[in-house]
Amino acid sequence: MSEVKYSKEHEWIKLDGDVATIGITKHATEMLGDIVFAELPEKGSSVEKDGTAGVVESTKAASDVYTPVSGEVVDTNQAIVDDPSKINQDPEDSAWFFKLKIKDPSEMDTLMNKDDYDKFAKETSA
Amino acid sequence: METKKTSLYQLHQDCNAKFVEFAGYQMPIQYSEGIVEEHKFTRNHSGIFDVSHMGQLFIYGGEDLIKDLEKIFPLDLKNLKLNHSKYSFLMDKDAGIHDDLIITKTKEGFLIILNAACKDNDFKILKEFLEDKYKMVLDENRSLIAIQGPKSSEILNDVINGVKDLNFMSGNWFTFENQKVYITRSGYTGEDGFEISIVNDFVDQLTRELINKGSKLIGLGARDTLRLEAGLCLYGHDLDKDKTPVEANLKWAISKERISKGDFIGSDIIIKQLNDGVSKIRVGIKPEGRIIAREKTKIFNQSDVHIGEITSGTFGPSVNGPVAMGYVENEFSKKNTKVFLEVRGKKHPASICSLPFYKKSYVKGVN
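Quick notes on the rules
Residues numbered from 1 in each chain as written. Chains lettered and ligands numbered in written order. Predicted model: local features only at pLDDT ≥ 70, side-chain atom pairs only at ≥ 80, totals over all residues. Heavy atoms only, no water. Helix = DSSP H or I, 4+ residues; strand = E, 2+ residues; numbered from the N terminus. Rg over C-alpha atoms; globule rule 2.2 N^0.38 Å. Buried < 20%, exposed > 50% of the residue type's maximum accessible area, 1.4 Å probe, protein only. Contact = heavy atoms within 4.5 Å. Areas by Shrake-Rupley, 256 points an atom, 1.4 Å probe, with all protein chains shown as cover. 1 Å grid on protein atoms, 1.4 Å probe; cavity = no way out; pocket = protein on both sides within 12 Å on 5 of 7 lines; lining within 4 Å. Points joined across faces, edges and corners; volume = space filled by probe spheres on them. Nonpolar A, V, L, I, M, F, W, Y, C, P; charged D, E, K, R; others polar. Pairing = 2+ DSSP bridges. Axes fitted to C-alpha atoms, helices over the stretch in contact; angles between N-to-C directions. Arc of directions from axis to C-beta. Parallel < 35°, antiparallel > 145°, perpendicular 65-115°, else oblique. Left-handed = near helix turned anticlockwise from the far one by under 90°. Buried area = accessible area lost by both parts, 1.4 Å probe. Salt bridge = Lys/Arg side-chain N within 4 Å of Asp/Glu carboxyl O. Polar contact = N/O pair within 3.5 Å; in protein donor to acceptor, adjacent residues only side chain to side chain. Phe/Tyr/Trp six-rings, centres within 6.5 Å; stacked < 30°, edge-to-face > 60°.

### Examining the overall build of chain A
Helix and strand counts for chain A stand at 4 helices and 9 strands. For chain A, the sequential pattern of α-helices and β-strands runs β-β-β-α-β-β-β-β-β-α-α-β-α. Relative to the 2.2 N^0.38 estimate, which gives 14 Å for 126 residues, the radius of gyration of chain A is 13 Å and therefore close to what a compact globule would have. Its C-alpha atoms give chain A principal-axis dimensions of roughly 35 × 35 × 25 Å. Looking at chain A as a whole, 48% of its 126 residues are labelled buried. The long-range share in chain A, meaning contacts at least 24 apart out of those at least 6 apart in sequence, stands at 59%. For chain A, the accessible area works out to roughly 6100 Å², and carbon and sulfur atoms hold 46% of it.

In structure tokens:
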């Protein structure tokens with residue numbers, strides 16, 4: 001399994017073979033506040049890098065969820081749709097959003113590693 | 001224009017508030033526990049809201065003032081008992097709503113609590129209507145806090161003895177640290193509670209004492225979810241100059257006695273609408289499923305015809321689901337009417353429902 005990578009839109013992605021698991025970062029959940037609604041892409045649909053692939057809503061507002069890489073949606077996490085508060089509780093593990101069969105592994109190279117993301121998150125929220 | 005800070009700003013910071021600018025003030029939207037927890041804590045225990053940004057307008061006068069204010073507000077102020085409060089609105093001649101407010105009869109005249117974003121304009125309008133005959137003070141030296149929720153009576157009474165004997169929608173002067181505080185049993189959350197008007201220099205101390213007794217500061221975020229679950233309007237969203245009290249389904253707040261006389265600003269339109277009905281009306285809307293329909297969401301009927309718009313919508317933590325209100329064409333306003341809400345290009349089923357979404361009984365003595 002490869003290292004976890006991060007996007008500027010505050011998604012994390014973990015690659016296992018050619019299947020990537022994607023979710024939103026803890027930093028994102030802290031900015032959003034209590035998440036009360038989640039919408040995920042349909043299984044079998046194709047998503048393009050940096051395109052919208054879901055929605056999360058806090059009591060205050062709705063925010064799009066983007067996909068950091070292109071691919072076909074092979075699985076979605078129904079548990080976070082049924083209980084969106086799970087996203088606040090465990091965003092970077094059990095509250096993943098969707099899994100993609102990725103199209104182009106080189107897209108992973110455009111993403112940040114943990115140190116760079118932490119720095120980015122700190123700078124952009126300051 | 002520089003944003004203003006309330007006298008509780010330091011305390012908000014001490015409690016790790018996240019701030020937003022609201023009506024020219026730096027106000028706490030939430031604290032570290034978040035909106036959902038703050039909301040539930042208010043429903044189950046007691047929450048303190050800094051509403052010092054709201055206007056506290058004192059108008060001094062006697063019988064003449066009552067007569068003049070009755071030309072403005074659709075209320076029977078003559079028969080309103082001393083220290084009793086009423087919900088009302090400031091209207092234009094077309095009955096469009098400039099602001100919604102709470103007016104209380106005091107020994108010296110009237111105290112009117114105004115929305116922060118409207119207070120300066122309200123002051124101007126009222127001063128003009130009253131032709132400058134009365135002393136009017138939009139008091140910036142006093143803060144206003146609300147304490148709301150089932151434990152609030154006990155907590156506040158521990159600090160200011162006697163408040164627990166106040167009836168709903170009535171008030172009185174009390175003392176705290178030798179300062180005169182005006183307390184009314186009222187609020188905007190659907191819970192039992194109080195609003196406390198106190199000089200700026202003592203509000204920090206009072207609030208800290210209430211926190212020590214078990215209450216907690218609650219931000220504007222939870223204030224919004226609480227009031228929406230309680231079916232209460234937010235000015236600038238559910239109410240504005242293009243809507244009348246009859247359209248807003250607030251005719252209960254208009255005095256029947258005053259309608260029969262029809263001598264207040266906007267009364268022609270109000271009477272016409274009460275007799276002939278209105279084309280649009282405010283309703284509660286309950287989406288099926290979990291989809292949240294926010295302000296400006298379009299409402300469609302079952303034949304896919306656009307029939308209205310959402311004016312407030314969020315997730316209700318106590319209802320544990322989405323809640324909304326909005327205006328629909330009158331013929332679709334009946335309870336249980338099925339409608340569709342267009343969210344992100346898709347139409348989601350919902351139904352018209354009665355308000356409030358969340359009901360708890362207030363203390364006895366509703367006037």
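Past the structure itself, the notes keep going.
### Quick look at empty space enclosed by the protein
Residues and elements named next belong to chain B. The final tally for this structure, using the stated rule, is 2 cavities of 30 Å³ or more. In this structure, the largest cavity spans a volume of roughly 80 Å³. S85, I102, T104, L111, I113, L144, Y182, T184, S186, E195 and S197 are the residues that line the largest cavity. Elements with a contribution of two residues or more to the lining of the largest cavity: β7 (97–105), β8 (109–114), β12 (179–184) and β13 (193–199). Of the pockets and cavities examined, the second largest cavity occupies roughly 30 Å³. Across the lining of the second largest cavity, the residue classes break down as 5 nonpolar, 1 polar and 2 charged.

### Points about the sheet that holds strand β6 (residues 52–58) of chain A
Residue and element names in this part refer to chain A. In space, the 3 strands of this open sheet follow the order β4-β6-β7, with antiparallel pairing throughout. Two strands close off the open sheet at either side, each with one partner strand: β4 (35–39) and β7 (62–66). Taking the axes of each pair of neighbouring strands and ignoring which way they run, one obtains an average angle of 25 degrees across the sheet. One ladder, built from 5 bridges, connects β6 with β7; its direction is antiparallel. Along β7, the bridge assignment pairs E57 with A62.

### Details of helix α9 (residues 267–276) of chain B
Residues and elements named next belong to chain B. Of all the residues in α9, the buried ones are S267, I270 and Q273. All buried residues of α9 lie within an arc of 130 degrees about the axis, which places them on one face of the element. Facing away from the buried side of α9, by more than 90 degrees, are the exposed residues D268, K272, N275 and D276. Elements in contact with the buried residues of α9: β6 (85–91).

### Focus: the environment of D83 of chain A
Residues and elements named next belong to chain A. Here D83 shows up in the loop between α2 (78–82) and α3 (85–89). Judged by relative accessible area, which is 29%, D83 ranks as partly exposed. Each C-alpha atom of the pair D83 and F37 lies 8.1 Å from the other, and the pair is 46 residues apart in sequence.

### Structural notes on the packing of helix α2 (residues 35–44) of chain B against helix α7 (residues 220–229) of chain B
All names here are of chain B. Running from amino to carboxyl end, α2 crosses α7 at an angle of 55 degrees, the nearest separation of the two axes being 8 Å. If you check the angle between α2 and α7, you find them oblique. Remark: the crossing between α2 and α7 carries right-handed chirality. Counted together, I35, E38, H39, T42 and R43 of α2 and G221, A222, T225, L226 and E229 of α7 form the full contact between these two elements. Across the contact of α2 with α7, the residue classes tally to 3 nonpolar, 4 polar and 3 charged.

### What about the interface of chain A and chain B?
Contact with chain A, which involves 16 residues of that partner, is made by 15 residues of chain B. Here chain A meets chain B over a buried area of about 1300 Å², counting both sides, of which 47% is carbon and sulfur. E39 of chain A is the partner of R344 of chain B in a salt bridge, and the nearest nitrogen-oxygen pair spans 3.8 Å. Summed over the shared surface of chain A and chain B, the result is 11 residue pairs in polar contact (both at pLDDT 80 or more). Mapped by element, the contributors of at least two residues to the side of chain A that touches chain B are α1 (26–32), β4, β6 and α2 of chain A.

### A word on the pairing of β8 of chain B
All names here are of chain B. In terms of residue burial, β8 counts as a mostly covered element, since 6 of its 6 residues are buried. The pairing of strand β5 (residues 55–60) with β8 spans 6 bridges and is classified as antiparallel. Among the inter-strand pairings, Q56 is bridged to a residue of β8, identified as I113. Taken together, the 4 bridges between β7 and β8 define a ladder with antiparallel strand orientation. Looking at the pairing, T104 lines up with L111 of β8. Between the end of β7 and the start of β8, which pair antiparallel, lie 3 residues.

### Considerations on the packing of aromatic side chains
All names here are of chain A. Applying the stated rule across the entire model yields 6 aromatic pairs over all chains. Here Y117 and F120 contribute two aromatic rings whose centre-to-centre distance is 6.3 Å and whose plane-to-plane angle is 40 degrees, an arrangement assigned as tilted. Placement of both Y117 and F120 in helix α4 (residues 114–125) is noted, with a separation of 3 residues, approximately one turn of the helix. Here a set of aromatic residues connected by ring pairs shows up, and it is made of Y6, Y117 and F120.

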